[in-house]
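# Inside the fold
So you can see what is in the structure, the chains are spelled out below.
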Number of protein chains: 2
Amino acid sequence: MNDLTINLDVHSSVPLYEQIYKYIKKEIQSGGLPFGERLPSTRKLAKYLQVSRTTVDMAYEQLVSEGYIEAKPYKGYFICELEGLYHLEPESAPEKPEKAAVSETYRYDFSPNGVDLNSFPQNAWRKLSKGILLEENRLLFQLGDPQGEYELRGTIAQYLHQARGVEAAPEQIIIGAGNDFLLLLLCSMFGTGQRIAMESPTYKKAYDLFRNLSNEVRIVEMDESGMRIDQLADTDAQIAYVMPSHQYPLGTVMPVKRRMQLLEWAGTAPGRYIIEDDYDSEFRYKGKPIPALQGYDRHDRVIYIGTFSKSIAPAIRVSYMVLPKQLMELYRRRGRTISCTVSRVDQMLIAAFLNEGYYERHLNKMRAVYKGRHDVLLEELRAFRRVCRISGENAGVHILLTFTNGMKEAEAVSRAAERGVKVYGLSWYFVGEAKLPAEETVILGYANLQEEEIRDAAACLKEAWLEAV
Amino acid sequence: MNDLTINLDVHSSVPLYEQIYKYIKKEIQSGGLPFGERLPSTRKLAKYLQVSRTTVDMAYEQLVSEGYIEAKPYKGYFICELEGLYHLEPESAPEKPEKAAVSETYRYDFSPNGVDLNSFPQNAWRKLSKGILLEENRLLFQLGDPQGEYELRGTIAQYLHQARGVEAAPEQIIIGAGNDFLLLLLCSMFGTGQRIAMESPTYKKAYDLFRNLSNEVRIVEMDESGMRIDQLADTDAQIAYVMPSHQYPLGTVMPVKRRMQLLEWAGTAPGRYIIEDDYDSEFRYKGKPIPALQGYDRHDRVIYIGTFSKSIAPAIRVSYMVLPKQLMELYRRRGRTISCTVSRVDQMLIAAFLNEGYYERHLNKMRAVYKGRHDVLLEELRAFRRVCRISGENAGVHILLTFTNGMKEAEAVSRAAERGVKVYGLSWYFVGEAKLPAEETVILGYANLQEEEIRDAAACLKEAWLEAV
């Protein structure tokens, strides 16, 4: 029998029992202690190593629990067969291939998909997270309801009622890891071959997703109130996908009258539905927010989708969908088979964030931050009035500039780029075979730029677009 | 001007500045402090309330940051317009509708979907989680790579290589919130109308999901080595969905020879793929684990899917998919549009859990626990040898009992239920129009029962199935 000469380091931060455990484990893995060999008794080894017997007991217990040794009553501890035991050797991490640092060449990026991350309430988040993981609540690690935790759904129902005028019982709400996932789930419920009306330009991911799953997309034109209902009615679409709070990317806010017409369209034929993507409704800087379309719906036809990714942080993958009552049966039959895509810990975290008032504070703070940036940007853009028209302001986190002096989108984008400013052309967002517009519009998102940065970037844009003309 | 008579509670755990902030916020919300009103100066209010000026400063700053008041230089603090500000009133949580407590009537539940939750390493998990949230790494809350974090993919690539013989570069790995989501993603990439070969019985969720997205499923019979390749070759299927490590629900382990035949089938015609669902490959109790099918693949045709939900805990919604190199272009075109469904915090957590050796320890511990339960169950089932045959043992966390004495599945299930034991009939897992078997088989999952409970439950089953015969 091996004498197990272990060099214990009493000054190490690694506990003694763990040093013993690791030594023996390594000996077993390397074959130094072969299958069937008997280990010294805990009393003997403790005496030999001059440690307490409890220390050796703990080391042996750990080895037993992981299957390296087994205890035979009245005989002692024996090395187990290693077959099937995991022995994972940490290797050096693979080197990430260098990415071409394209974004580095820009000093200011007016990305329409930004979020202000300095406002992320990291302390509150950490505190809540710690509290949830401290609970001796192992149920958190069991598979939960495919729809999401009832508690979170109840909290979201209350929030949507108060903030967006949405009428929803927790039973109608489905939690999912992002809007894209919820749209996938919807497609899987409805089955393929749906005819879906969309605006152009629109949220391109939704367009691609619908078409990848063999649905047919009907493009409907927009006017200053949003999707044209007269055109919609002329199509054979059963489903209309809209963003009434702040259309992406045009920023159009659908007025109440148009909302009523859209709901009327849905109500006049069986099987018609509206997907209301309320992706950034949280931010509106002038007047009262218009309640969600869903709140006016008397025909039970609106599928409402919202997200915490925009309002808290993009890496928080939590979105929610409110289904009309009449679709719940379809969900139970074809949607519930898919397990919830959000971990229960994250669900409890979001519920606590809302219930303990953090979300209210956070929204108001973000709104103040974004309003400040919005106002500074509009102020700076006054100088551009003679060469362009502004639209999509007063809500969301981006606006549009349409040149009225004949400057083309591509030229505007490249001139800005020469001065180190990234702006986004609108034409990228057009889908289908709808007629392309004059391509004179660029998008400026301001969520991710400080007020001072916006002023500096605007000065660059003046050089790019005004002085050169 | 209101004198703001705030009853401060110096003994409260709520900081004084927060008490002042809350009082003023409430006054603004209720209209007690109307739009445009000037607040007392911080010096004056501090004196009046007998608190430090810093305390009042902090309260006012909070109110400014949330948009309730604004600071006008040289003039003071004024109440803002409330329109658009969020005011979320916590309501009492909605009561959850009582669920019929069906599971209560069973003393022992041999669920095949169980996981031992007592083994969940909650302390390690909490420690790692705290460490990740403590990092001043706000990038964690930015939208990450749609494929998942490169670091986690690298870690998984190493793990899969060592533990499963899978050959994968991090670039081929896609992280998703559960196997169901990854299958949805695959469907969305391939487009609808695929012809997919499945065994029967099989994983019903996958069957439903494929069909909901308008794919055609071809049922292929199984023998004792798994899917019959001669039958597969006779179908027009392009994709074969298999679980070679431990077929669900039959527990069949596909031997190497059959694996080679399956790979051969895929390699002999263009556009053929194999989906290898390796859902519980981590647990094998006899002999060395057979490497994954993917590791033998010379034709770049295997799509490998695995999950941490089975091996860590079901509420951990993290799965991974290895795509063949030749499918990466399709993924970039049609899959990358969908944002990653796992939060970056969870991804870093899993990466740390693997990199710091916790996963190795956890797997070995779980394996020892499950092996113990597996061995006890098999030992207890010896008494049943004259009336039934055992299959699917030595791997996974469930086994099958097929009655040889003419007892039907329904009778076995209901007799067990009368003694308070829930067992599962195999016939539920059959799909399509394949011929149903004799319906004489039940499934016993043992992951969620302690060894002593298994002994007690087996005693009940003896009464149910032996004494009554």
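Just above, that's the structure.
Figured I'd write up the structure that's included with this text. (Residues numbered from 1 in each chain as written. Chains lettered and ligands numbered in written order. Predicted model: local features only at pLDDT ≥ 70, side-chain atom pairs only at ≥ 80, totals over all residues. Heavy atoms only, no water.)

### What to know about empty space enclosed by the protein
Test applied: For cavity detection a 1 Å grid was placed over the protein atoms alone, and a set of points counts as a cavity when a 1.4 Å probe fits there but cannot get out; an open set counts as a pocket when protein lies on both sides within 12 Å along at least five of seven lines, with lining residues being those that have an atom within 4 Å of a point. Grid points are joined across faces, edges and corners, and a volume is the space filled by probe spheres set on the points. Strands are runs of DSSP state E lasting at least 2 residues, helices are runs of H or I lasting at least 4, and numbering of each runs from the N terminus. Nonpolar residues are Ala, Val, Leu, Ile, Met, Phe, Trp, Tyr, Cys and Pro. Charged residues are Asp, Glu, Lys and Arg, and all others, Gly as well, are polar.
Taken as a whole and assessed by the stated rule, the structure comprises 13 cavities of 30 Å³ or more. Lining the largest cavity are 27 residues, with Ser-343, Val-345 and Asp-346 of chain A together with Val-345 and Asp-346 of chain B positioned closest to its centre. Taken together, the elements giving at least two residues each to the lining of the largest cavity come down to helix H4 (122–134) and helix H12 (344–355) of chain A together with helix H4 (122–134) and helix H12 (344–355) of chain B. Counting residues per element, the lining of the largest cavity draws most heavily on H12 of chain B, which supplies four residues. Among the residues making up the lining of the largest cavity, the classes are represented as 19 nonpolar, four polar and four charged.

### Describing the interface of chain B and chain A
Inclusion rule: Throughout, a residue-residue contact means that at least one pair of heavy atoms, one from each residue, lies within 4.5 Å. Two parts placed together each lose some accessible area under a 1.4 Å probe, and the buried area is that loss summed for both. Whenever Lys or Arg places a side-chain nitrogen within 4 Å of a carboxyl oxygen from Asp or Glu, that contact is recorded as a salt bridge.
Each partner contributes residues to the interface: chain B has 92 residues there, and chain A has 93 residues. Contact between chain B and chain A buries roughly 8300 Å² in total, counting both sides, with carbon and sulfur atoms accounting for 54%. Summed over the three residues of chain B that lose the most area to chain A, namely Tyr-86, Phe-141 and Arg-361 of chain B, the buried surface amounts to 10% of that side. Our count for the chain B to chain A interface comes out at five salt bridges.

### A word on a positive patch on the surface
Residue and element names in this part refer to chain A. Condition: A patch consists of residues exposed above 30% relative accessible area that lack any salt bridge, with like charges linked at up to 9 Å and nonpolar side chains (Val, Leu, Ile, Met, Phe, Trp, Tyr) linked at up to 5 Å. Surface exposure here means Shrake-Rupley accessible area, sampled with a 1.4 Å probe, where a residue is shielded only by the protein chains that are shown. Charge assignment: positive for Lys and Arg, negative for Asp and Glu; neither His nor the chain ends contribute. Every charge is mapped onto a representative atom, which is NZ of Lys, CZ of Arg, CG of Asp or CD of Glu.
Side chains of Arg-38, Arg-43, Lys-44, Lys-47 and Arg-53 sit close together on the surface and give a patch of like positive charge. Here the positive patch gets three residues from one element, more than from any other, and that element is helix H2 (residues 42–49). The topology assignment puts Lys-47 in helix H2.

### Let's talk about the pattern of salt bridges
What counts is decided by this rule: Between buried and exposed lies partly exposed: a residue is buried under 20% and exposed over 50% of the maximum accessible area for its type, with that area taken using a 1.4 Å probe on protein chains only.
Applying the stated criterion to the full structure yields 53 salt bridges over all chains. A salt bridge links Glu-360 of chain B to Lys-25 of chain A, with the nearest nitrogen and oxygen atoms 2.8 Å apart. Taken together, the residues Glu-360 of chain B in helix H13 (residues 358–381) and Lys-25 of chain A in helix H1 (residues 16–30) connect one chain to another. In terms of burial, Glu-360 of chain B and Lys-25 of chain A fall into one category: buried. With its nearest N and O atoms 3.1 Å apart, the salt bridge here joins Asp-116 of chain B to Arg-373 of chain B. Linking Asp-116 of chain B in the loop between strand S3 (108–109) and H4 with Arg-373 of chain B in helix H13, this pair joins segments that are 257 residues apart in sequence. Taken as a pair, Asp-116 of chain B and Arg-373 of chain B share a single burial class, namely buried. Connected through shared salt-bridge partners, Glu-379, Glu-380, Glu-452, Arg-455 and Lys-462 of chain A make up one network.

### Some details on the environment of Gln-194 of chain B
All names here are of chain B. Note the cut-off: For this analysis, a polar contact is any N or O atom pair within 3.5 Å, provided that within protein one partner can donate a hydrogen and the other can accept it, and provided that sequence-adjacent residues contribute only side-chain to side-chain pairs.
Examined against the element boundaries, Gln-194 turns out to sit in the loop between helix H6 (179–190) and strand S5 (195–199). By relative accessible area, which is 13% here, Gln-194 ends up buried. Residues Gln-194 and Ser-214 lie 20 residues apart in sequence; the distance between their C-alpha atoms is 7.9 Å. A polar side-chain atom of Gln-194 sits 3.1 Å from the main-chain carbonyl oxygen of Phe-190. Side-chain polar atoms of Gln-194 contact the backbone oxygen of Gly-191, separated by 3.5 Å.

### Looking at the pairing of strand S10 (residues 273–277) of chain B
All names here are of chain B. Put simply, the rule is: We call a crossover right-handed when, viewed with both strands directed away from the observer, the connection leading from the first strand over the helix to the second proceeds clockwise. Each pair of strands is called paired provided DSSP finds at least two bridges between the two strands.
Burial runs high along S10: five of the five residues are buried. Each parallel crossover has a hand, and for strand S9 (residues 239–242) linked through helix H9 (residues 256–267) to S10 it is right-handed. Both S10 and strand S11 (residues 302–307) contribute to a ladder of four bridges, which runs parallel. Counterpart to Ile-275 in the pairing with S11 is Ile-303.

### Details of the sheet that holds strand S10 (residues 273–277) of chain A
Strand pairing in a sheet relies on backbone hydrogen bonds. The paired strands run either parallel or antiparallel. Residues and elements named next belong to chain A. Rules: Throughout, an axis means a line fitted to C-alpha atoms (over the contacting stretch in the case of helices), and angles, computed between N-to-C directions, take values from 0 to 180 degrees.
Taken in spatial order, the seven strands make up an open sheet running S4-S12-S11-S10-S9-S5-S6, and their pairing is mixed. Every interior strand has two partners, whereas the edge strands, strand S4 (173–176) and strand S6 (216–220), have only one. If you compare each strand with its neighbour and ignore which way they point, the axes differ by 20 degrees on average. Where strand S11 (residues 302–307) and strand S12 (residues 319–322) come together, four bridges link them in antiparallel fashion. Across the sheet, the residue bridging to Tyr-304 is Val-322, located in S12.

### Some details on the packing of aromatic side chains
Counted only if it meets this: Pairing of aromatic rings covers Phe, Tyr and the six-membered ring of Trp, with a centre-to-centre limit of 6.5 Å; geometry is then stacked below 30 degrees between planes, edge-to-face above 60, and tilted otherwise. Criterion for a charge above a ring: Arg CZ or Lys NZ at most 6 Å from the ring centre, at most 35 degrees from the ring normal.
Enumeration according to the criterion identifies 35 aromatic pairs over all chains in this entry. Counting every residue linked through ring pairs, the aromatic cluster contains Phe-120, Trp-125, Tyr-159, Phe-308, Tyr-320, Phe-353, Tyr-358 and Tyr-359 of chain A. Over the aromatic face of Trp-428 of chain A sits the side chain of Lys-204 of chain A, whose NZ or CZ is 4.1 Å from the ring centroid. Taking NZ or CZ as reference, Lys-72 of chain B lies 4.8 Å from the ring centre of Phe-78 of chain B, over its face.

### What about unusual backbone geometry?
The residue after Tyr-248 of chain A, namely Pro-249 of chain A, is reached through a cis peptide bond having omega 10 degrees. With respect to the helices and strands, the residue Pro-249 of chain A is situated in the loop between strand S9 (239–242) and helix H9 (256–267). The backbone of Asp-300 of chain A sits at a positive phi, close to 60 degrees, despite the residue not being glycine. Position of Asp-300 of chain A relative to the elements: it lies in the loop between helix H10 (293–296) and S11. By relative accessible area, which is 24% here, Asp-300 of chain A ends up partly exposed. Positive phi values are uncommon outside glycine, yet Gln-50 of chain B reaches one of about 55 degrees.

### With respect to the packing of helix H13 (residues 358–381) of chain A against helix H3 (residues 53–65) of chain B
For clarity, the cut-off: Our angle categories are set so that under 35 degrees counts as roughly parallel, over 145 as roughly antiparallel, 65 to 115 as roughly perpendicular, and the remainder as oblique.
Following both chains from N to C, one finds H13 of chain A and H3 of chain B inclined at 70 degrees, their axes separated by 8 Å at the closest point. The orientation of H13 of chain A with respect to H3 of chain B, classified from their angle, is roughly perpendicular. Here Arg-361, Asn-364, Lys-365 and Ala-368 of chain A of H13 of chain A lie close against H3 of chain B, whose contacting residues are Gln-62, Val-64 and Ser-65 of chain B. Per-class residue counts for the contact of H13 of chain A with H3 of chain B are two nonpolar, three polar and two charged.

### Section: the packing of helix H5 (residues 150–164) of chain A against H12 of chain A
Residues and elements named next belong to chain A. As a reminder of what qualifies: Definitions for this section: a left-handed crossing has its near helix turned counterclockwise from the far helix by less than a right angle. A right-handed crossing has that turn clockwise.
Where H5 meets H12, the axes come as close as 9 Å, and the angle between the chain directions of the two elements is 35 degrees. Handedness of the crossing formed by H5 with H12: left-handed. Along the contact surface, H5 presents Glu-151, Leu-152, Thr-155 and Tyr-159, while H12 presents Gln-347, Met-348, Ile-350, Ala-351, Leu-354 and Asn-355. Partitioned by chemical class, the residues of the contact of H5 with H12 number six nonpolar, three polar and one charged.

### What to know about the relation of the copies chain B and chain A
Let me state the cut-off plainly: For the least-squares superposition of copies, only C-alpha atoms count, and only for residues with pLDDT at least 70 in both.
Rotating chain B by 180 degrees about the axis while translating it 0.0 Å along that axis superimposes it on chain A, leaving an RMSD of 0.1 Å. In the structure described here, the two chain copies are related by an operation that fits a two-fold rotation axis. Interface overlap between copies is the fraction of interface residues in one copy that are interface residues in the other; for chain B against chain A it reaches 100%, indicating a shared surface.

### Regarding the pairing of S9 of chain B
All names here are of chain B. Alternating positions in S9 separate into two faces, Ile-239 and Tyr-241 on one and Ala-240 and Val-242 on the other, with burial throughout. Pairing between S5 and S9: two bridges, direction parallel. What sits directly across from Ile-196, in S9, is Ile-239. As judged from the four bridges shared by S9 and S10, these two strands associate in the parallel manner. Within S10, the position partnered with Ile-239 by the bridge is Tyr-273.

### Focus: helix H14 (residues 409–418) of chain A
Residues and elements named next belong to chain A. Condition: By arc we mean the arc of the directions from the helix axis to the C-beta atoms, nothing more.
Of all the positions in H14, only Glu-409, Ala-412, Arg-415 and Ala-416 are classed as buried. The buried residues of H14 occupy one face: seen down the axis, they fall within an arc of 135 degrees. Turned more than 90 degrees from where H14 packs its buried face, Ala-410 and Glu-418 sit exposed. For H14, the elements touching its buried residues are strand S14 (398–403), strand S15 (421–422), strand S16 (424–425), strand S17 (441–445) and helix H15 (451–467).

### Details of the sheet that holds S9 of chain B
Residues and elements named next belong to chain B. The seven strands are arranged S4-S12-S11-S10-S9-S5-S6 in an open sheet whose pairing can be described as mixed. Each edge of the open sheet carries a strand with a single partner, namely strand S4 (173–176) and strand S6 (216–220). For this sheet, the mean angle separating the axes of adjacent strands, direction not counted, is 20 degrees.

### Points about the side chain of His-246 of chain B
Residues and elements named next belong to chain B. Examined against the element boundaries, His-246 turns out to sit in the loop between S9 and H9. The exposure class of His-246 is buried, given its relative accessible area of 1%. Polar contacts involving the side chain of His-246 include one to the main-chain carbonyl oxygen of Gly-392, which spans 3.1 Å. Not counting the four nearest positions on each side in its chain, His-246 is found in contact with Gly-251, Thr-252, Tyr-279, Asp-280, Gly-392, Ala-395, Gly-396, Val-397 and His-398.

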